[in-house]
Amino acid sequence: MKSAEMLQTATTERRRVAGLDGIRGLAALFVVFHHVWLLSFPGFPRDTGPGWASWMIYGHFAVVVFIVLSGFSLALSPARNGWRLDSLSGFARRRAWRILPPYWAAVAFSLVIAWTLVPQPEQGVPTAKSVLVYGLLLQDVFGSPSPNGALWSIAVEAQLYVVFPLLLPVLRRMGALVMVGAVTAVVVAVGLLAPVVPAVGALMRLTPQFAALFALGMAGAGVVRLRRRVPLQWLALAALLPVLALIVVNGSMWTVANLYWIDLIIGPATVLLLAAVATGRPRPLVWLLDTPPVRSLGSFSYSLYLIHAPIVVNVHALLIAPRMEQGVPAFLVCLAVAVPVTVVAARLFAAVFELPFTRNRTPAALRARFSRKPAKTDRN
């Protein structure tokens, strides 16, 4: 049993790219800060908070990072093997095993909180339709009262997992430029036609820009095939600076109104940064991202993202709002209370619903862990 566990741990370590878990963890924490900001300052997308906290209004961009990082991480192994999956059925099982148990547990947790304490802002109490829609990951297709304001992006992720095996053959046979260009061309066409063609406009519920970002992340995984060093960190900075300038000059209302296009133009900077980190550059950043606290945060970042919204909403509604008006003092108190409570709760949640599934990659391995019997090898 111990030798099998050691082999599985060693395999996981070989597959892990230093820094990527840290990016996941910090992005998830950024979303928590964003939701505290939203509850503390009225008028979103207008920036009514203090200038030093203005960056927290842009929590949406953490989801951009998640989507690009998802495509990048999933494609690392195929990139090392000629852009081929070892097994389509194996890929589907691994994704379901990794994503669904924590997700369904988070849906149940969020429903209980919404039914017994405080529901999500402007959503009302979840209904039976909410249970069905969110249970089947169809929340971006069918409307229903949301038990958790953060779960919309998980449905997008699930749909992109279906697209992933279809994009790999294009990447393998025609190259990264053709694959990314084709997906982006469709996404741009949807964005241009949506305001004038109602049928196309309906597709905006699916956030199609994320398909282009996911494809871009997949292409970026090709960095593992590079034979010479490229200054990717400086290219990332060069790609990011014009986007930051646009956001600063035009402000939050313009930025939020144009997220579709901002997401697309921030994608290259994101994938270049991921590629740089994957190749160990810049070293100070990689060191920071791979320090034990940040790496640990990344290990349960999925759980943190899944359950933070109901916790933050209820901390604010039950503890902060009855005692303080919206504004900087309430914001600081909510940060001081909600963030540590959320992180601790997410770590406990992950210990039960996420980490057992990441550390035991198959049902047989999980059963063996609890039964103390050797697990059969999954050849897929």
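**Some thoughts on the overall build of the chain**
Move 1: From N to C terminus, the chain includes 17 helices and zero strands.
Move 2: Here the C-alpha coordinates of the chain stretch approximately 55 × 50 × 45 Å along the principal axes.
Move 3: Per-residue burial over the chain gives 46% buried out of 380 residues.
Move 4: By element, 69% of the accessible surface of the chain is carried by carbon and sulfur atoms, the whole surface being about 18,600 Å².
Move 5: Taken together, the 33 basic and 13 acidic charged side chains of the chain have centroids lying 12 Å from each other.

**So, the confidence of the model for the chain**
Move 1: Summary statistics for the chain give a mean pLDDT of 91 and a share of 93% for residues scoring 70 or more.
Move 2: Confidence over residues 1-14 falls short of pLDDT 50; this stretch has nine contacts with residues more than four positions distant or in other chains.

**Points about helix 14 (residues 301-320)**
Count 3.6 residues to each turn of an α-helix, and residues three or four apart come out pointing the same way.
Move 1: Of all the bends found along helix 14, the most pronounced is centred on histidine 308 and spans about 50 degrees, while proline 310, a proline, follows it within four residues.
Move 2: Within helix 14, 17 of the 20 residues are buried, leaving the element largely enclosed by the surrounding structure.

**A few points about the packing of aromatic side chains**
Move 1: By the definition in use, this model includes 13 aromatic pairs.
Move 2: Taking the centre distance of 5.8 Å and the plane angle of 25 degrees together, the rings of tyrosine 58 and phenylalanine 61 count as stacked.
Move 3: Here a set of aromatic residues connected by ring pairs shows up, and it is made of Trp37, Phe41, Trp52 and Phe331.

**Quick notes on helix 5 (residues 128-135)**
Move 1: Taken as a whole, helix 5 has its buried residues at Ser130, Val133 and Tyr134. Relative to the axis of helix 5, the buried residues are bounded by an arc of 90 degrees and lie together on one face. Residues Ala128 and Leu132 are exposed on helix 5 and point more than 90 degrees away from its buried face.
Move 2: Of the surrounding elements, those touching the buried residues of helix 5 are helix 4 (88-116).

**A few points about the layout of surface pockets**
Move 1: Its boundaries defined by the atoms lining it, the second largest pocket holds a volume of some 1,200 Å³.
Move 2: Taken together, 36 residues form the lining of the second largest pocket, with His35, Leu38, Phe44, Gly149 and Trp152 sitting closest to its centre.
Move 3: Within the residue set of the lining of the second largest pocket, elements represented by two or more residues are helix 2 (20-40), helix 3 (60-80), helix 6 (152-174) and helix 14.
Move 4: Among the elements that line the lining of the second largest pocket, the one with the most residues is helix 2, at five residues.

**Regarding a nonpolar patch on the surface**
Move 1: On the surface, Leu192, Leu193, Val196, Val197 and Trp261 cluster together into a nonpolar patch covering about 440 Å² of accessible area.
Move 2: Mapped onto the fold, leucine 193 is located in helix 7 (residues 176-193).

**As for unusual backbone geometry**
Move 1: For the bond running from phenylalanine 44 to proline 45, omega is 10 degrees, close enough to zero to count as cis.
Move 2: Of the consecutive residues arginine 281 and proline 282, the connecting peptide bond is found in the cis state with omega at -15 degrees.
Move 3: Following the sequence through the fold, proline 282 ends up in the loop between helix 11 (259-278) and helix 12 (283-289).
Move 4: The backbone phi angle of tryptophan 83 is positive, close to 60 degrees, even though this residue is not glycine.
Move 5: The topology assignment puts tryptophan 83 in the loop between helix 3 and helix 4.
Move 6: For tryptophan 83, a relative accessible area of 9% puts it in the buried group.

**Describing the nonpolar core**
Move 1: Residues Leu20, Phe72, Tyr103, Ile154, Met179 and Met218 are the most contacted members of the largest nonpolar core, which totals 107 residues.
Move 2: What methionine 179 contacts, discounting residues up to four positions off in sequence, is Leu167, Val170, Leu171, Ala215, Met218 and Ala219.

**What to know about the pattern of salt bridges**
Opposite charge on two side chains allows them to pair when their charged atoms are near.
Move 1: Taken as a whole and assessed by the stated rule, the structure comprises three salt bridges.
Move 2: Among the ionic pairs, arginine 24 bridges to aspartate 21, the shortest N-O distance being 2.8 Å. Here the residue arginine 24 and the residue aspartate 21 both occupy positions in helix 2, the gap between them amounting to three residues, near one helical turn.
Move 3: The shortest N-O distance in the salt bridge between arginine 94 and aspartate 86 comes to 3.1 Å.
Move 4: You can call arginine 94 partly exposed: its relative accessible area is 32%.
Move 5: We classify aspartate 86 as exposed; its relative accessible area is 56%.

About the cut-offs
Residues numbered from 1 in each chain as written. Predicted model: local features only at pLDDT ≥ 70, side-chain atom pairs only at ≥ 80, totals over all residues. Heavy atoms only, no water. Helix = DSSP H or I, 4+ residues; strand = E, 2+ residues; numbered from the N terminus. Buried < 20%, exposed > 50% of the residue type's maximum accessible area, 1.4 Å probe, protein only. Areas by Shrake-Rupley, 256 points an atom, 1.4 Å probe, with all protein chains shown as cover. Lys, Arg positive; Asp, Glu negative; His and termini not counted. Charge placed at Lys NZ, Arg CZ, Asp CG, Glu CD. pLDDT = per-residue confidence, 0-100. Contact = heavy atoms within 4.5 Å. Bend = angle between axes of the 7 residues up to and from the residue. Phe/Tyr/Trp six-rings, centres within 6.5 Å; stacked < 30°, edge-to-face > 60°. Arc of directions from axis to C-beta. 1 Å grid on protein atoms, 1.4 Å probe; cavity = no way out; pocket = protein on both sides within 12 Å on 5 of 7 lines; lining within 4 Å. Points joined across faces, edges and corners; volume = space filled by probe spheres on them. Patch = residues over 30% accessible without salt bridge, like charges linked within 9 Å, V, L, I, M, F, W, Y side chains within 5 Å. Salt bridge = Lys/Arg side-chain N within 4 Å of Asp/Glu carboxyl O. Core = buried A, V, L, I, M, F, W, Y, C linked by side-chain atoms within 4.5 Å.

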